[in-house]
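Descriptive analysis of the structure
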Amino acid sequence: MIRIMLVSLLLATLGVGSYVVLPIEEVEVVGHKQLSKDQVQQITGLKPGQPWLWAWPSRLEPLLKNPWVVSATLERPAPGRLRIVLQERTSLANILIGQKRFGLSGDGVLLPDAPPQTPLLEGKGEIPIADLLLLVQAFPEAKRIRYDVGGYQVLSENLNVWGKSAKELQDWAKARRIGKSDASRVLAHPAIGSADRIYVYSWGVSARR
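This is a predicted model, so every value here is computed, not measured. (Residues numbered from 1 in each chain as written. Predicted model: local features only at pLDDT ≥ 70, side-chain atom pairs only at ≥ 80, totals over all residues. Heavy atoms only, no water.)

Overview of the sheet that holds strand β9 (residues 151-156)
Our working definition: Strands were regarded as paired on the criterion that DSSP finds at least two bridges between them. Secondary structure is summarised from DSSP: a helix means a run of H or I of at least four residues, a strand means a run of E of at least two, and numbering begins at the N terminus for each.
Judged by pairing direction, the sheet is mixed, and its 9 strands sit side by side in the order β6-β5-β4-β7-β8-β9-β10-β11-β12 without closing on themselves. Across the chains shown, the open sheet's two edge strands, defined by having one partner strand only, are β6 (110-111) and β12 (204-208). Pairing between strand β10 (residues 159-163) and strand β11 (residues 197-201): 3 bridges, direction parallel. Across the sheet, Gly163 pairs through a bridge with Val200, a residue of β11.

Some thoughts on helix α5 (residues 166-178)
Note on helix geometry: an α-helix contains 3.6 residues per turn, so any two residues three or four positions apart are oriented the same way. The condition that has to hold: A helix is expected to span 1.5 Å multiplied by its residue count minus one. We call a residue buried when its accessible area falls under 20% of the maximum for its residue type, exposed when it is over 50%, and partly exposed in between, using a 1.4 Å probe and counting protein chains only. Two residues qualify as a contact provided that any one of their heavy atoms is within 4.5 Å of a heavy atom in the partner residue. Nitrogen and oxygen atoms within 3.5 Å of one another constitute a polar contact, given that in protein one can donate a hydrogen and the other can accept it, and given that sequence-neighbouring residues count only through two side-chain atoms.
Counted at 1.5 Å a residue, the expected span for α5 with its 13 residues is 18 Å, and the 19 Å between its end C-alpha atoms agrees. Buried within α5 are the following residues: Ala166, Leu169, Asp171, Trp172, Ala173 and Ala175. Against the buried residues of α5 lie α4 (129-138), β9, β10, β11 and β12. The residue sitting at the N-terminus of α5 and contributing the capping side-chain oxygen is Ser165; that oxygen lies 3.2 Å from the backbone nitrogen of Lys167.

A closer look at the pattern of salt bridges
To keep things clear, this is the line we draw: Salt bridges are identified by distance alone: a Lys or Arg side-chain nitrogen within 4 Å of an Asp or Glu carboxyl oxygen.
The tally for this structure, following the rule as stated, stands at 9 salt bridges. Between Arg146 and Glu122 there is a salt bridge, with its nearest N and O atoms 3.6 Å apart. In this pair, Arg146 is assigned in strand β8 (residues 144-148) and Glu122 in strand β7 (residues 120-123), connecting sequence segments 24 residues apart. In this structure Arg146 comes out as partly exposed when scored by relative accessible area, which is 36%. Between Arg176 and Glu141 there is a salt bridge; the shortest N-O distance is 3.3 Å. Within this pair, whereas Arg176 is found in helix α5, its partner Glu141 is found in the loop between α4 and β8, the two being separated by 35 residues in sequence. Given the relative accessible area of 30%, Glu141 is considered partly exposed. Within the structure, one salt-bridge network assembled from shared partners comprises Glu26, Glu28, Glu75, Arg81 and Arg83.

Details of the pairing of β12
In the sheet, β11 pairs with β12 via 5 bridges, with the strands oriented antiparallel. By the bridge assignment for β12, Tyr201 is matched with Gly204.

Some points on helix α2 (residues 37-44)
Inclusion rule: Think of it as the arc spanned by the lines of direction from the helix axis to the C-beta atoms.
For α2, the set of buried residues is Val40, Gln41 and Thr44. Summarising the axial view, the buried residues of α2 lie within an arc of 95°, below the 170-degree limit, and thus occupy one face. In this structure, α2 carries Asp38 and Gln42 as exposed residues pointing more than 90 degrees from its buried face. Against the buried residues of α2 lie β1 (26-30), α3 (61-64) and β3 (81-88). Gly45, located one to two residues past α2, shows a positive phi value of around 75°.

Some remarks on the nonpolar core
For soluble globular proteins, the rule of thumb is that nonpolar side chains tend to be buried together. Threshold: Within this scheme, the nonpolar core is defined by two criteria: the residues are buried Ala, Val, Leu, Ile, Met, Phe, Trp, Tyr or Cys, and they are joined through side-chain atoms within 4.5 Å.
Counting residues in hydrophobic clusters, the biggest one holds 25 residues, and the most contacted among them are Leu121, Phe139, Ile145, Val161 and Trp172. For this core, the secondary-structure elements that each account for two or more residues are β4 (91-97), β5 (100-105), α4, β8, β9, β10, α5 and β11. Counting residues per element, this core draws most heavily on α4, at 5 residues. If you look at the next biggest cluster of nonpolar residues, it comprises 16 residues, including Leu35, Leu74, Leu82 and Ile84.

Here's the deal with the sheet that holds strand β2 (residues 69-78)
Short version of the rule: Convention adopted: a line fitted to C-alpha atoms gives each axis, helices being fitted over their contacting stretch, and angles between N-to-C directions are expressed from 0 to 180 degrees.
In spatial order, the strands read β1-β3-β2; together these 3 strands make up an open sheet with mixed pairing. Taken across any chain shown, the strands that pair with only one partner, and hence form the sheet edges, are β1 and β2. Direction aside, neighbouring strands of the sheet carry axes that sit 20° apart on average. Sheet analysis places β1 next to β3, joined by 5 bridges and oriented parallel. Paired with Glu28 across the strands is Arg83, a residue of β3. Where α2 meets the sheet, its contacts fall on β1 and β3, and the angle it forms with β1 comes to roughly 115°.

Set out below in structure tokens:
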């Protein structure tokens, strides 16, 4: 019992001493773009004036629950100073869910409060995240990508293409970029005007005005 009391007294003394003798003087946040320094300090509770000795890496756990954060580490470059090093996700596209926009990261995470960007992904039914990411990469010029149970439509200033399969659309985009049909012989097609709506099928391609 006496030992417990002594340990408790020691911990209390260290806590008070940490506040008075060695408080946190500066909290540096690096690697952040979406989250502000104030947001990071608010989420972790690591702020100037808090005890430096009691700043444990476990204080970063709430930060790791934020969709934007991939990883976070805590460093102590000097007494009284802390450095929080973040790795954030990058939004590749906006996706419309109901009436709300999110960002979409390369690993398929929905990112709240993402800045407006293209392409805009929208549709009905279950969101085919993997297929949408495939199309975002295959059509970097896309302004809008629509999806439903029937397939996918990719729209840009000079392109309107539909396909039932994201993989077939990817193959068509690859063949279009290199200007050859060798990438997928079944998708070989004659010259198509920019005003045509293009339909990509497993057996070939058709176009309509």
